[in-house]
Amino acid sequence: MNSPAAGQPATLSYDQAGVNYDLIDPLKVAAQRAAAATAGHLAGHGFREVQASRGESAYVVDVGPFYLASIVECLGSKALVADEMQRLTGRSWYAGIAQDTIAMAINDLITVGATPLVVQAYWAAGGSDWFGDAERAQALVAGWKQACDTCGVAWGGGETPALAGIVEGGRIDLAASCTGIINPRERLSVGDRLAAGDAIVLLASSGIHANGLSLARKLVERLPQGYLTPLEDGTTYGEALLAPTVLYSPVTEALYKAGITPRYCANITGHGWRKLLRHPATLTYRIHTVPPVPPVLRFIQQQAHQDDREAYSTLNMGAGFALFVRAEDAERTVEVARAQGVAAWVAGRVEAGPKQLVIEPLGIRFGDEDLQLR
């Protein structure tokens with residue numbers, strides 16, 4: 001994609017939208033190192049951590065006959081889009097927002113091979129008045145339960161504080177924690193078996209999911225019709241942004257039943273396709289097939305005047321989850337995913353070589369220096 005012509009708005013990056021991973025990631029690394037120093041406490045209970053899960057999307061504890069995995073994730077700013085769209089359309093969008101929140105946790109949990117068991121809710125409002133909108137509140141409850149039913153998890157409980165002065169009035173901060181079991185133990189997927197020759201299968205996203213919303217909201221300032229701007233597929237910008245995040249656990253559970261154990265998995269969220277570099281192994285990931293880009297993501301890229309490298313380093317660009325499987329399991333993995341209603345592609349392969357991601361159709365390369373999460 002070319003640079004904007006004279007008179008056109010300049011490129012809008014994720015940094016300019018208020019999210020700078022160069023500032024956030026060092027804190028994450030420092031927190032991980034401090035957290036690692038606490039692992040010895042598990043021995044006092046007769047357990048131990050799976051050290052390879054440090055820095056992965058979920059934390060794993062070896063409890064003997066099986067492993068336990070856990071994760072906590074927040075929704076981020078997608079609820080702000082739902083609030084504005086409710087003002088513009090009179091509709092509540094919070095059933096989808098509930099699914100987004102649960103997906104943020106469950107899609108991370110399953111990367112280590114876990115079956116999700118229990119979800120806990122954290123709904124922090126800017127004041128008690130938020131819960132007084134019965135339609136919105138009931139949509140949140142109904143959507144939360146429906147997502148739990150889809151994933152076969154129990155909703156254990158949660159916390160609903162009213163945090164006036166911390167959360168802005170009229171707003172809500174949503175998060176979910178999830179606990180899962182890895183049983184049998186052979187289902188553990190932390191990349192220890194990842195090797196050259198493995199195939200990379202990409203699962204389709206439904207759109208922006210719940211990452212990149214700061215950029216998407218900032219872009220509204222450039223659109224005369226704002227969230228009601230029509231897209232090529234007939235939806236409005238706001239509607240497309242609010243498409244619920246795909247829940248991928250039905251796919252990973254179906255894979256297990258089909259006898260397929262991924263070597264590694266990556267949830268493609270913040271950092272875009274750079275997340276394919278998450279495992280610390282020195283390997284090359286070569287992509288030969290790029291999934292179609294959802295209209296809303298193509299629209300964001302065009303309106304923000306981002307080239308492909310910037311877009312693929314920030315957004316999922318049509319691929320919400322990556323499965324690294326044995327080459328002989330690749331086509332079957334695609335079939336299993338599609339049987340669960342999720343489009344999938346054998347998109348690439350793992351090769352011996354320097355740590356890098358090469359997206360051949362787009363001429364993009366990301367190296368080890370482009371993702372520092374440990």
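A quick note: this is a predicted structure, and the numbers were derived from the prediction, not measured.

Chemist: How do you make sense of the packing of aromatic side chains when you look at a structure like this?
Modeler: For any pair of aromatic rings, the description consists of the separation of the ring centres together with the inter-plane angle of the planes. On inspection of all chains with the given rule, the structure shows 11 aromatic pairs. Aromatic side chains Tyr94 and Trp130 sit 5.3 Å apart centroid to centroid with 70° between the ring planes, which places their arrangement in the edge-to-face category. With a gap of 36 residues between them, Tyr94 in helix 3 (residues 94–109) and Trp130 in the loop between strand 4 (115–125) and helix 4 (134–151) connect regions that are remote in the sequence. Aromatic pair Trp144 and Trp155: ring centres 5.9 Å apart, planes at 45°, arrangement tilted. Here Trp144, found in helix 4, pairs with Trp155, found in strand 5 (residues 154–159); they are 11 residues apart in sequence, far enough to count as distant. Following the ring pairs from residue to residue traces out a cluster consisting of Tyr94, Trp130 and Phe131.

Chemist: I would appreciate a short explanation of the nonpolar core in the present structure.
Modeler: Across soluble globular proteins, nonpolar side chains have a tendency to be buried as a group. Counting 109 residues, the largest nonpolar core has Tyr94, Trp144, Leu203, Tyr237, Trp273, Ile300 and Phe324 as its most contacted members. It is helix 3 that provides the largest number of residues to this core, a total of 9 residues. Apart from the residues within four sequence positions on either side, Tyr237 is in contact with Ala216, Leu219, Val220, Leu223, Gly226, Tyr227, Thr229, Leu231, Val296, Phe299 and Ile300.

Chemist: It is not clear to me how the sheet that holds strand 7 (residues 199–204) should be interpreted in this structure. Could you clarify?
Modeler: In a beta sheet, neighbouring strands pair by backbone hydrogen bonds and run either parallel or antiparallel. Spatially, 7 strands are ordered 8-10-7-11-9-12-13 in an open sheet, and the strand pairing comes out mixed. Of all the strands in the sheet, the pair left with one neighbour each is strand 8 (264–267) and strand 13 (364–367). Here the strands of the sheet are splayed against their neighbours by 20° on average, with no regard to which way each runs. Sheet analysis places strand 7 next to strand 10 (residues 319–325), joined by 6 bridges and oriented antiparallel. Pairing of Ala204 across the sheet is with Ala319, part of strand 10. Along the sheet face, helix 10 (residues 330–339) touches strand 7, strand 10 and strand 11 (344–352) and points at about 150° away from the line of strand 11.

Basis of the calculations
Residues numbered from 1 in each chain as written. Predicted model: local features only at pLDDT ≥ 70, side-chain atom pairs only at ≥ 80, totals over all residues. Heavy atoms only, no water. Phe/Tyr/Trp six-rings, centres within 6.5 Å; stacked < 30°, edge-to-face > 60°. Helix = DSSP H or I, 4+ residues; strand = E, 2+ residues; numbered from the N terminus. Core = buried A, V, L, I, M, F, W, Y, C linked by side-chain atoms within 4.5 Å. Buried < 20%, exposed > 50% of the residue type's maximum accessible area, 1.4 Å probe, protein only. Contact = heavy atoms within 4.5 Å. Pairing = 2+ DSSP bridges. Axes fitted to C-alpha atoms, helices over the stretch in contact; angles between N-to-C directions.

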